[in-house]
Amino acid sequence: CPFLRKRILIDVRGEKEAEEIGSLPYARRVECGLDMDANVCVKSGIASGVVPPDKASGKDIVVFSGSGMRSRRFAEALRRMGYENVQARNYYALKTEYTNAHAVS
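Residues numbered from 1 in each chain as written. Predicted model: local features only at pLDDT ≥ 70, side-chain atom pairs only at ≥ 80, totals over all residues. Heavy atoms only, no water.

Asks: Is there a simple way to think about the sheet that holds strand β1 (residues 7–11) in this case?
Replies: Hydrogen bonds along the backbone pair up the strands of a sheet, which may run parallel or antiparallel. The four strands are arranged β2-β1-β3-β4 in an open sheet whose pairing can be described as parallel. The open sheet has two edge strands, β2 (28–29) and β4 (86–90), and neither has a second partner. Across two bridges, β1 lies against β2 in parallel orientation. What sits directly across from D11, in β2, is R29. The strands that helix α5 (residues 91–101) touches are β1, β3 (60–65) and β4; relative to β4, the one it contacts most, it runs at about 100°. (Pairing = 2+ DSSP bridges. Helix = DSSP H or I, 4+ residues; strand = E, 2+ residues; numbered from the N terminus. Contact = heavy atoms within 4.5 Å. Axes fitted to C-alpha atoms, helices over the stretch in contact; angles between N-to-C directions.)

Below, the structure written as C-alpha cells:
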C-alpha cells in the first residue's frame, strides 16, 4: 500500500475510543491520555515495540488521536527524544487521506 509503505501509524487513543469510532489498518496503539506523561507513553511504546527503536528509520511516524491534542503531545515527546519525520494528525483527517489513497478509480 503506497499510503503505508513509508509510514508507521501510531494511535494514541484508548482501546474503547478506537473500537467506538474506528481505527486504521496496520495502526499500532500506545494509549496516551491527556492526563498521562507523554515521555512515559513514548518509552512504553518503545519497550512494547510499537515505537521503532531506530530514530532515523527513514519512515514517517504518523501519530494520531481523535482531535489531535494527544497526538501532538506524543509527537513532541518523540522529537525531543531525537526522532525525525514525526507528524501529529487527527483520526478523521488521516482516515480521509487513507480512504482517498485507496479509492478505486
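Here the narrative resumes.
Asks: What am I meant to see in the pairing of β3 here?
Replies: Walk down a regular strand and you will see the side chains alternate between the two sheet faces. Summarising burial for β3: five of the six residues are buried, a large majority. Inspection of the sheet shows β1 paired to β3 by five bridges, in the parallel sense. Note that in β3 the partner of D11 across the bridge is F64. The sheet contact formed by β3 and β4 spans five bridges and is parallel. Bridged to V62 within β4 is Q87. Once you follow β3 into helix α4 (residues 69–80) and on to β4, the crossover reads as right-handed. (Buried < 20%, exposed > 50% of the residue type's maximum accessible area, 1.4 Å probe, protein only. Right-handed = clockwise from strand over helix to strand, strands pointing away.)

Asks: Help me understand the packing of helix α3 (residues 38–48) against α4, please; the structure alone is not making it clear to me.
Replies: Packed helix pairs are characterised by how far apart their axes lie and by the angle those axes make with each other. Here α3 crosses α4 at 70°, and the two axes come no closer than 9 Å. If you check the angle between α3 and α4, you find them roughly perpendicular. Between α3, through A38, N39, C41 and V42, and α4, the contact on the second element is made entirely by R73, F74, A77, L78 and R80. Among the residues making up the contact of α3 with α4, the classes are represented as six nonpolar, one polar and two charged. (Parallel < 35°, antiparallel > 145°, perpendicular 65-115°, else oblique. Nonpolar A, V, L, I, M, F, W, Y, C, P; charged D, E, K, R; others polar.)

Asks: Explain the side chain of D11 to me, please; I cannot follow it from the model alone.
Replies: Here D11 lies in strand β1. One polar contact links D11 to R13, side chain to side chain, over a distance of 2.8 Å. Excluding residues within four positions of it along the chain, D11 makes contact with A18, S23, A27, R28, R29, V30 and F64. (Polar contact = N/O pair within 3.5 Å; in protein donor to acceptor, adjacent residues only side chain to side chain.)

Asks: Can you walk me through the environment of Y98 in this structure?
Replies: With respect to the secondary-structure elements, Y98 resides in helix α5. According to the relative accessible area criterion, Y98 is buried, its value standing at 15%. Through-space distance from the C-alpha of Y98 to that of D35 is 29 Å; in sequence the pair is 63 residues apart. Contact partners of Y98, with chain neighbours within four places excluded, come to F3, L4, L24 and P25.

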